[in-house]
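# Coordinates in review
Single-letter residue listing:
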Amino acid sequence: MIKKGVFIAAVSLFSFSSCGDGGGQQPFNPPKGYKSRSGKLIYSKHCTSCHGDNGKLGSGGAKDLTVSRMDSTEIVDILRNGKNGMPRQIQYFKSDEEVENMIDHLKSMRK
Ligand code: HEC
């Protein structure tokens, strides 16, 4: 499980700085009754091309996710901003809960 406090701090950082960057990035505003998707589903749609089903593919310099030790804050950061060969991914998430689900999924892939 993730540490709630750390995660909320990271996400409010996201909501705050996303207001004015003009990139069409909005604070999450899912429609009423929206059901968050699982981290696994979002992963299979948007992450496997570089990271592979098991996180080890390493396409285009992608890091092996099974040995990653990033904490929740760092994960939110890389999803928001990207890093080197990794493009930003936050636009594929529709709610805080989906980001949280992804963090859980990434951590579950670790050895
Ligand atoms: C276009 C290819 C690409 C896609 C798509 C992609 N990544 Fe990455 N990812 C990378 C690369 C390249 C790195 C290494 C970045 C660096 O230089 O540190 C990386 C690094 C990471 C890391 C950091 C690992 C570590 O410990 O340093 C995480 C976490 C991660 N990706 C998660 C995701 C998730 C979740 C998705 C889908 C929402 C995703 N990535 C989609 C290419 C990609």
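Keep in mind that what you see is a predicted model, and the values were worked out from it rather than measured.

## Concerning the environment of I103
Looking at the element boundaries, I103 is found in helix α5 (residues 96-108). In the structure, I103 is positioned 32 residues away from D71 in sequence and 8.7 Å away in space, judged by C-alpha atoms.

## Let's talk about the confidence of the model for the protein
Within the protein, residue pLDDT values average 86, and 77% of them lie at 70 or more. In the predicted structure, residues 15-24 sits below a pLDDT of 50 and forms five contacts with residues beyond four places in sequence or in another chain.

## Quick word on the coordination of the iron atom of the ligand
Within the protein, H51 (NE2) and M86 (SD) serve as the donor atoms for the iron atom of the ligand, at 2.0 to 2.1 Å. For the iron atom of the ligand, the six donor atoms are set out with angles of 86 to 179° between them, so the coordination reads as octahedral. Of the two residues, H51 sits in helix α3 (residues 48-51) while M86 sits in the loop between α4 (72-81) and α5, which places them 35 residues apart along the sequence. For H51, a relative accessible area of 10% puts it in the buried group.

## Things to note about the site of the ligand
Contacts to the ligand come from 22 residues, most closely from C47, C50, H51, S68 and M86. Within the side chain of K63, a nitrogen or oxygen atom sits 3.0 Å from an oxygen atom of the ligand. Between the ligand and K83, the relevant distance is 3.5 Å, taken from an oxygen atom to a side-chain nitrogen or oxygen of the residue. Put simply, the parts of the chain that give the shell around the ligand at least two residues each are α3, α4 and α5. The element contributing the most residues to the shell around the ligand is α3, with three residues. Residue classes in the shell around the ligand are distributed as eleven nonpolar, nine polar and two charged.

## Examining the nonpolar core
Y43, L79, I90, F93, V99, M102 and L106 are the most contacted members of the largest nonpolar core, which totals 15 residues. At the level of secondary structure, the elements contributing two or more residues to this core comprise α2 (39-46), α4 and α5. Here this core takes four residues from α5, the largest share from any one element.

## Side note on the packing of α2 against α5
Interaxial distance between α2 and α5 falls to 8 Å at its minimum, and their mutual angle equals 85°. One element, α2, and the other, α5, form an angle in the roughly perpendicular class. Listed contacts from α5 to G39, K40, I42 and Y43 of α2 are E98, N101, M102, H105 and L106.

## With respect to the environment of L41
Tracing the chain through its elements places L41 in helix α2. Taking the relative accessible area as the measure of exposure, L41 reaches 37% and is therefore partly exposed. Separated by 60 residues in the primary sequence, L41 and N101 place their C-alpha atoms 9.8 Å from one another.

Rules used in this analysis
- Residues numbered from 1 in each chain as written.
- Predicted model: local features only at pLDDT ≥ 70, side-chain atom pairs only at ≥ 80, totals over all residues.
- Heavy atoms only, no water.
- Helix = DSSP H or I, 4+ residues; strand = E, 2+ residues; numbered from the N terminus.
- pLDDT = per-residue confidence, 0-100.
- Contact = heavy atoms within 4.5 Å.
- Donors = N, O, S within 2.8 Å, 3.2 Å for Na, K, Ca; no water.
- Tetrahedral: all angles 85-135°; square planar, octahedral: opposite > 155°, others 65-115°.
- Buried < 20%, exposed > 50% of the residue type's maximum accessible area, 1.4 Å probe, protein only.
- Near = heavy atom within 4 Å.
- Polar contact = N/O pair within 3.5 Å; in protein donor to acceptor, adjacent residues only side chain to side chain.
- Nonpolar A, V, L, I, M, F, W, Y, C, P; charged D, E, K, R; others polar.
- Core = buried A, V, L, I, M, F, W, Y, C linked by side-chain atoms within 4.5 Å.
- Axes fitted to C-alpha atoms, helices over the stretch in contact; angles between N-to-C directions.
- Parallel < 35°, antiparallel > 145°, perpendicular 65-115°, else oblique.

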